[in-house]
Amino acid sequence: MAQPQTNPTPSSSQLDHVAQAVRDLLHQPDYDDGSAGPVLVRLAWHSAGTYDAASKTGGSNGAGMRYEKEGGDPANAGLQHARAFLELIKKKFSWITYADLWTVAAVVAIKEMGGPEIRWRGGRTDFTDDNKIPPRGRLPDGAQGADHIRHIFYRMGFNDQEIVALSGAHNLGRCHSDRSGFEGKWVNNPTRFSNTYFKLLLVNDWKKKTLENGVEQYVYVDEDMIEEDEDAEDAEEPEELMMLPTDIALIQDPSFRPWVELYAEHKDIFFDHFAKVFAKLLELGIKRDRNGNIVNEENQQDGYKS
Ligand code: CCH
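Remember, it's a predicted structure, so these values are computed and weren't measured experimentally. (Residues numbered from 1 in each chain as written. Predicted model: local features only at pLDDT ≥ 70, side-chain atom pairs only at ≥ 80, totals over all residues. Heavy atoms only, no water.)

Student: Quick one: what's the story with the side chain of Glu70, residue by residue and with numbers?
Tutor: Tracing the chain through its elements places Glu70 in helix 3 (residues 68-71). One buried charged residue, Glu70, forms no salt bridge at all, with the nearest opposite charge on Arg83 at 7.9 Å. Contacts of Glu70, omitting those with residues within four sequence positions, involve His46, Thr50, Gly64, Met65, Asn76 and Ile133. (Helix = DSSP H or I, 4+ residues; strand = E, 2+ residues; numbered from the N terminus. Buried < 20%, exposed > 50% of the residue type's maximum accessible area, 1.4 Å probe, protein only. Lys, Arg positive; Asp, Glu negative; His and termini not counted. Salt bridge = Lys/Arg side-chain N within 4 Å of Asp/Glu carboxyl O. Contact = heavy atoms within 4.5 Å.)

Shown next as C-alpha cells:
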C-alpha cells in the first residue's frame, strides 16, 4: 500500500502575507455593499459544507469548485465572484493551495469585519481532477424548514446549538435574485459581523412575501431606518430586510429557539461559539497526523463513479 501523502501547513510568516493581501482586497466599492468579505465567507462555507460524516467524503480539502461538477452547481451560483477576488492573491502567492486560500480568506475576512478570531489550520491539497468531488445536493435549500436543516447539518456532524451558531453568519452579506432567487439583506449593516441577525429574528414581525419570480421569503421594513431617512435631504427608500424560510425555522423550532435567544442577548457567547463551530466546519473531512499535517488517505483517493 502506498504511503499516505502529507502536505505541510504554510509557515506563519507566509500566512501573514496572504492575510494582509486578503485584508487589502476586502474593500470593493463597486461590489454589493462595498465589501468582498461576505461572499468570501460563503465560499469557505460551501467548500466545506459538502461533507458527509458517514462516507467521510466532501469537505474543504480539494477546492472542487474549480471544476464545473461543483462550481456549476446552482447552489454555488455567485461564488465565482469570490473565487475571482481570490485569484488575484493566488497569482501573487502561488505556493498556497486554493483549498487553503478559500478557507483562510474567510477567517481573515470575519476578523476584519469585526468578528471573532477563528483558529485555522492549513495543509489542504487541491484535487487534480473532478473524480473525488461528491454528488450535488449536499448544501441546504433556503426554502425549506427545520427537518431539512437538521438533515443537512447532522450529516456533517453538527448539533442544534452548532447549527444556530453557524447560521449567525447571515449577519453578513445578502441574497441575490440572480443567484439563489431570494433577494435582500438580513441586517442593515451587512459588512459588520455581529449578533444583530439573532436580535432581528426575535423582535421583528416577519411577514411572508412572494417575490416576482415566485420565490417565498420573509420581510420586514425597519421603522427606525424610515425615520432616519425622512430627515435626510435625498432620502432613499429604506431597504426591506429579509429572512429565508430556513432562518425563520430557527425561531419556530423549540430546540433551535433557545440558542437564538441566547445569542441575541449575549454577543460574546455567540462570538465564542461561532469561532469554535466555524473552525470545526473548515476542518470537516480533514485528517491530520501528530504534526498537524494533513494525511490524504487511500479512502479519500477513491473517486465517484458518476
Ligand atoms: Fe447562507 N445563504 N445559508 N450561510 N450565506 C446565502 C447567503 C449567505 C443558506 C442559504 C443562503 C449558512 C447557512 C445557510 C452565508 C453564510 C452562511 C444565500 C443567498 C442563501 C440562499 C445567496 C445569494 O443569493 O447570493 C441556508 C439555507 C443555510 C442553512 O440552512 C452558513 C452555515 C454560513 C456560514 C457559516 C453568507 C456570508 C451569505 C452572503 C453571501 C453574499 O454574497 O453576500
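Student: Give me the pattern of salt bridges: which residues, what numbers.
Tutor: Per the stated rule, a full pass over the model turns up 17 salt bridges. Across the pair Glu68 and Arg136 runs a salt bridge, and its minimum N-O distance is 3.9 Å. Of this pair, Glu68 sits in helix 3 while Arg136 is found in the loop between helix 5 (98-112) and helix 6 (146-156), placing the two residues 68 residues apart along the sequence. On the accessibility criterion, Glu68 (59% relative accessible area) is exposed. Owing to a relative accessible area of 43%, Arg136 belongs among the partly exposed residues under this scheme. The closest approach of N and O atoms between Asp160 and Arg150, which form a salt bridge, is 3.1 Å. In this pair, Asp160 sits in helix 7 (residues 160-167) while Arg150 sits in helix 6, placing the two residues 10 residues apart along the sequence. According to the relative accessible area criterion, Asp160 is buried, its value standing at 12%.

Student: Describe in detail the site of the ligand, supporting the description with residues and values.
Tutor: Surveying the vicinity of the ligand reveals 24 residues, the closest of which are His170, Gly173, Arg174, His176 and Ser180. Take Trp45: an N or O atom from its side chain is 3.2 Å from a nitrogen atom of the ligand. Within the backbone of Arg174, an N or O atom sits 2.9 Å from an oxygen atom of the ligand. Where the shell around the ligand is concerned, the elements lending two or more residues are helix 2 (37-48) and strand 2 (174-175). With 5 residues, the top contributor of residues to the shell around the ligand is helix 2. Class assignment of the residues belonging to the shell around the ligand gives a composition of 14 nonpolar, 6 polar and 4 charged. Looking at the shell around the ligand, you find at least three residues from each of domain 1 (5-140 + 281-301) and domain 2 (146-275). (Near = heavy atom within 4 Å. Polar contact = N/O pair within 3.5 Å; in protein donor to acceptor, adjacent residues only side chain to side chain. Nonpolar A, V, L, I, M, F, W, Y, C, P; charged D, E, K, R; others polar. Domains from an automatic or database assignment.)

Student: Describe the coordination of the iron atom of the ligand, naming the residues involved and giving the relevant values.
Tutor: Exactly one donor from the protein chain reaches the iron atom of the ligand: His170 (NE2), at 2.1 Å. Relative to the elements of secondary structure, His170 occurs in the loop between helix 7 and strand 2. (Donors = N, O, S within 2.8 Å, 3.2 Å for Na, K, Ca; no water.)

Student: Kindly report on the nonpolar core, identifying the contributing residues and their values.
Tutor: Core analysis: the biggest nonpolar cluster contains 86 residues, and Ile89, Phe153, Met156, Phe158, Met243, Phe278 and Leu281 have the highest contact counts within it. The greatest single-element share of this core, amounting to 11 residues, is contributed by helix 5. Taken together, domain 1 (5-140 + 281-301) and domain 2 (146-275) each give at least three residues to this core, which thus spans both. The residues contacting Leu281, other than those within four sequence positions of it, are Trp45, Ala48, Gly49, Met156, Phe158 and Leu166. (Core = buried A, V, L, I, M, F, W, Y, C linked by side-chain atoms within 4.5 Å.)

Student: Hey, could you go over the side chain of Gln217 for me, with residue numbers and the actual values?
Tutor: Mapped onto the elements, Gln217 comes out in strand 5 (residues 216-220). Given a relative accessible area of 1%, Gln217 falls into the buried group. Only 2.8 Å separates the side chain of Gln217 from the backbone oxygen of Glu183, close enough to count as a polar contact. Dropping the residues within four chain positions of it, Gln217 is found in contact with Phe182, Glu183, Lys207, Lys208, Lys209, Leu211, Met242, Met243 and Pro245.

Student: Account for the environment of Ser194, naming residues and giving values.
Tutor: Looking at the element boundaries, Ser194 is found in the loop between strand 3 (184-185) and helix 8 (196-203). Under the relative-accessibility criterion, Ser194 is labelled buried at 14%. The sequence separation of Ser194 and Lys267 amounts to 73 residues, and the corresponding C-alpha distance is 7.2 Å. Not counting residues up to four positions away in its chain, the partners in contact with Ser194 are Asn171, Lys267, Phe270 and Phe271. A polar atom in the side chain of Ser194 sits 3.5 Å from the side chain of Asn195.

Just distances and angles here, no functional claims.
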